[in-house]
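The chain contents come next:
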Amino acid sequence: TPAGPHVALQKMVHKSLSLCDVDVRKELAGSIMLTGGGAQFKYMPERLQREVTALVPSSYKVRVIAPSNIERRFGVWIGGSIVSSLGSFQQMWLSKTEYHELGRVLAEQRFTG
């Protein structure tokens, strides 16, 4: 395509909704979570809500949920901290020695099931 591999966020959200079961699309459109570094742009939640609303049926009530800027900025780190503290996560660790001995094969086995 002329635009290359880049796809607008609202189009990704719309595509994701359209791939979901028709019975849950309307509910999911009312619970779009916006987080991460790019979500910190000024007026990003409002813009995404407006642009997704223009793409979905008029019967959908689009709602973009965006935590505070601090939570959006550090959400990934907070989530990573929580996951890394779980006992089950520690079972998935791959030591440096294991990686050097078995490398990619072990990593793929361990992380893709």
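How each quantity is defined
Residues numbered from 1 in each chain as written. Predicted model: local features only at pLDDT ≥ 70, side-chain atom pairs only at ≥ 80, totals over all residues. Heavy atoms only, no water. Core = buried A, V, L, I, M, F, W, Y, C linked by side-chain atoms within 4.5 Å. Buried < 20%, exposed > 50% of the residue type's maximum accessible area, 1.4 Å probe, protein only. Helix = DSSP H or I, 4+ residues; strand = E, 2+ residues; numbered from the N terminus. Contact = heavy atoms within 4.5 Å. Expected span 1.5 Å × (residues − 1). Arc of directions from axis to C-beta.

Engineer: Just to check I follow, could you spell out the nonpolar core for this structure?
Structural biologist: Within soluble globular proteins, side chains that are nonpolar generally end up buried alongside one another. Core analysis: the largest hydrophobic core is formed by 13 residues, its most contacted members being Val13, Ile32, Leu34, Leu48, Val52, Val56 and Val62. Only helix H1 (9-19) and helix H3 (44-55) provide two or more residues apiece to this core. The element that contributes the greatest number of residues to this core is H3, accounting for 3 residues. Once residues lying within four places of it in the same chain are set aside, the contact partners of Leu48 are Leu9, Gln10, Val13, Ile32, Leu34 and Val64.

Engineer: Just to check I follow, could you spell out H3 for this structure?
Structural biologist: An α-helical turn contains 3.6 residues, so a residue and the one three or four places further along point in the same direction. Relative to the 16 Å expected for 12 residues at 1.5 Å per residue, H3 spans 17 Å between its end C-alpha atoms, a close match to the ideal helical length. All buried positions along H3 are accounted for by Met44, Pro45, Leu48, Glu51 and Val52. Axial view of H3: buried residues confined to an arc of 140 degrees, hence all on one face. The exposed residues of H3 that point more than 90 degrees off its buried face are Arg50 and Ala54. Buried-residue contacts for H3 involve H1, strand S1 (32-33), strand S2 (64-65) and helix H4 (69-84).

Engineer: What am I meant to see in H1 here?
Structural biologist: Where H1 is concerned, the buried positions are Gln10, Val13 and Leu17. Projected onto a plane normal to the axis of H1, the buried residues spread over an arc of 60 degrees and lie on a single side. The outward face of H1, more than 90 degrees from its buried face, is lined by the exposed residues Lys11, Lys15 and Leu19. Along its buried surface, H1 packs onto helix H2 (25-29), S1 and H3.

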